[in-house]
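# Structure assessment
Chain residues, written in single-letter form:
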Amino acid sequence: MKYFYSSDNRFTDEEREGEAYDAVYTDEEFEELYAATGLFGYVGLKSGETVPCVIPYDEETCLAVARRERESVCFPVINRGELWYRRLTDEQIQDLDEWYQAWLDITETFSVPEMPEWLKNTLEEG
């Protein structure tokens, strides 16, 4: 597979006709780049799946991406009302607290926290 990096700071696995790319990486090159830098980002695949990856941003852009991801994934869960929180067990509250702290730390770690399994299931159920 090849990954195409465009000037709008995005990776894709689908080459679009007429679009200019700043870089093209093979799987091996991509993995080496990620291992060397460990920066945070996502690749949007044509299947709709997103996978963690490196994005060769400058630090300020990396921070903005991390904050935007935190706002879209974490805050909608954390900012739920009291009625939702009252239904959680002590263990779930502890899991949620650790997950939230990991999201708060993302601007230093650039590591996407793993969502607790029970939370994934709850969100899927609606």
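Given the structure is predicted, the values throughout are model-derived calculations rather than measurements. (Residues numbered from 1 in each chain as written. Predicted model: local features only at pLDDT ≥ 70, side-chain atom pairs only at ≥ 80, totals over all residues. Heavy atoms only, no water.)

Taken as a whole, the protein chain shows an average pLDDT of 75; of its residues, 61% reach a score of 70 or greater. Mean pLDDT across the elements of the protein chain ranges from a minimum in strand 4 (residues 42–44), with 48, to a maximum in helix 5 (residues 90–104), with 96. Below a pLDDT of 50 lies the segment residues 43–47, which in the model reaches 18 contacts outside its immediate sequence neighbourhood of four places, other chains included. (pLDDT = per-residue confidence, 0-100. Helix = DSSP H or I, 4+ residues; strand = E, 2+ residues; numbered from the N terminus. Contact = heavy atoms within 4.5 Å.)

This part is about the nonpolar core. One finds Val77, Trp84, Leu96, Trp99, Trp118 and Leu119 to be the most contacted residues of the largest nonpolar core, which totals 15 residues. Listing elements by their share of this core, those giving two or more residues are helix 2 (59–73), helix 3 (75–78), helix 5 and helix 7 (117–125). Considering every element that reaches this core, the biggest residue donor is helix 5, with three residues. Ignoring anything within four residues of it in the chain, the contact list for Trp118 reads Trp84, Leu88, Gln92, Asp95 and Leu96. (Core = buried A, V, L, I, M, F, W, Y, C linked by side-chain atoms within 4.5 Å. Buried < 20%, exposed > 50% of the residue type's maximum accessible area, 1.4 Å probe, protein only.)

Turning our attention to the packing of aromatic side chains. Inspection of the entire model under this criterion finds two aromatic pairs. Relative to Tyr85, the ring of Trp84 has its centre 5.1 Å away and its plane inclined at 85°; by these criteria the two rings are edge-to-face. Classification of Trp84 as buried rests on a relative accessible area of 15%. With relative accessibility at 26%, the residue Tyr85 sits in the partly exposed group. (Phe/Tyr/Trp six-rings, centres within 6.5 Å; stacked < 30°, edge-to-face > 60°.)

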